[in-house]
Amino acid sequence: MLRRSAGLLMYRIGESGLEVFLCYPGGPYVKKGGDFWMIPKGSVEKNETHMEAAIREFKEETGFRIPTKKFVDLGESMQNKKKVTSIWAFYNDENPPPVKSNTCKIEFPPKSGKIIEYPEVSDGKFFKEKQARKIIRPKQIVFLDRLIFRLDSENQAQVYENWMVKE
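Each chain has its residues counted from 1, following the order in which its sequence is written. The model is predicted, so local features are restricted to residues of pLDDT at least 70 and side-chain atom pairs to those at 80 or more, both for listing and for counting; the totals for chains, interfaces and linings are taken over all residues. Hydrogens are left out, water is left out, and the side-chain values use all remaining heavy atoms of the structure.

Novice: Would you explain the nonpolar core in this entry?
Specialist: Nonpolar side chains tend toward joint burial in soluble globular proteins. Only buried Ala, Val, Leu, Ile, Met, Phe, Trp, Tyr and Cys residues count toward a nonpolar core, and they belong to the same one when joined by side-chain atoms within 4.5 Å. Burial classes: relative accessible area under 20% of the type maximum marks a residue as buried, over 50% as exposed, and values in between as partly exposed (1.4 Å probe, protein chains only). In terms of nonpolar packing, the biggest core is built from 21 residues, with Leu9, Tyr11, Val20, Leu22, Leu74 and Leu147 touching the most fellow members. Helix and strand assignments follow DSSP, with helices taken as H or I runs no shorter than four residues and strands as E runs no shorter than two, numbered in order from the N terminus. For this core, the secondary-structure elements that each account for two or more residues are β1 (3-14), β2 (17-25), β4 (70-80), β5 (83-91), α2 (129-135) and α3 (141-153). Residue contributions to this core peak at five residues, all from α3. Once you skip the residues sitting within four places of it in the chain, Leu22 turns out to touch Leu9, Trp37, Met38, Ile39, Asp123, Gly124, Lys125, Phe127, Ala132, Ile135 and Ile136. Whether two residues touch is decided by their heavy atoms; if any such pair falls within 4.5 Å, the residues are in contact.

Novice: Would you explain the environment of Gly7 in this entry?
Specialist: Structurally, the position occupied by Gly7 is in strand β1. Looking at Gly7, the relative accessible area reads 0%, which means it is buried. For the pair formed by Gly7 and Ala89, sequence separation is 82 residues and the distance between their alpha carbons is 8.6 Å. In this structure Gly7 touches Pro40, Lys41, Ala54, Ser86, Ile87 and Trp88, once residues within four positions along its chain are discounted.

Novice: How do you make sense of the pairing of β4 when you look at a structure like this?
Specialist: One face of the sheet, then the other: side chains in a regular strand alternate in exactly this way. A strand pair is defined by DSSP finding two or more bridges across the two strands. Two elements, β4 and β5, share six bridges in a ladder whose sense is antiparallel. For Val72, the partnering residue across the bridge sits in β5 and is Ala89. Joining the antiparallel neighbours β4 and β5 is a turn of two residues.

Novice: Explain unusual backbone geometry to me, please; I cannot follow it from the model alone.
Specialist: Both trends apply: most residues other than glycine have a negative phi, and most peptide bonds are in trans. Omega for the bond connecting Phe108 with Pro109 falls within 30 degrees of zero, at -5 degrees, which places this linkage in the cis form. In this structure, Asn47 is a non-glycine residue whose phi angle is positive, near 60 degrees. Within the secondary structure layout, Asn47 lies in the loop between β3 (41-43) and α1 (50-62). Non-glycine residue Lys111 carries a positive phi angle of around 65 degrees. Note that Lys111 resides in the loop between β6 (103-107) and β7 (115-119). You can call Lys111 exposed: its relative accessible area is 80%.

Printed below as a string of structure tokens:
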């Protein structure tokens, strides 16, 4: 059975072009400095739409308010054999505050009986598109490509008119 996840890709247009907001996971298994940056996303719960899950997960993982109800549908993509992810993008040119993530609990070290709590996301920031391509999880590059296609194929005003999905 396929697992479903959903998330939001925040973007802005800076002086040097497209910038996207990515998050770095927290926890004991993450190797600092690796190519693990990601789009904030998470599991779709029972009785929840994909859009509702995307908004909830973004707020939980970043602590940010979402300043719009207009989203660009970037579709879905298989992230592995058992997981499909749906992503929407939204424009926000504000400088966000520091990430304030929810926390998770796990047994660590494994089978030790010791429970630790850690932030699900340890960092988040805007990256220029070319840099984002180098550090984002490879299976999520498709969402950058789709956003760029939509922004390149029409001017920004037309993107808002033609591609936005209302909450």
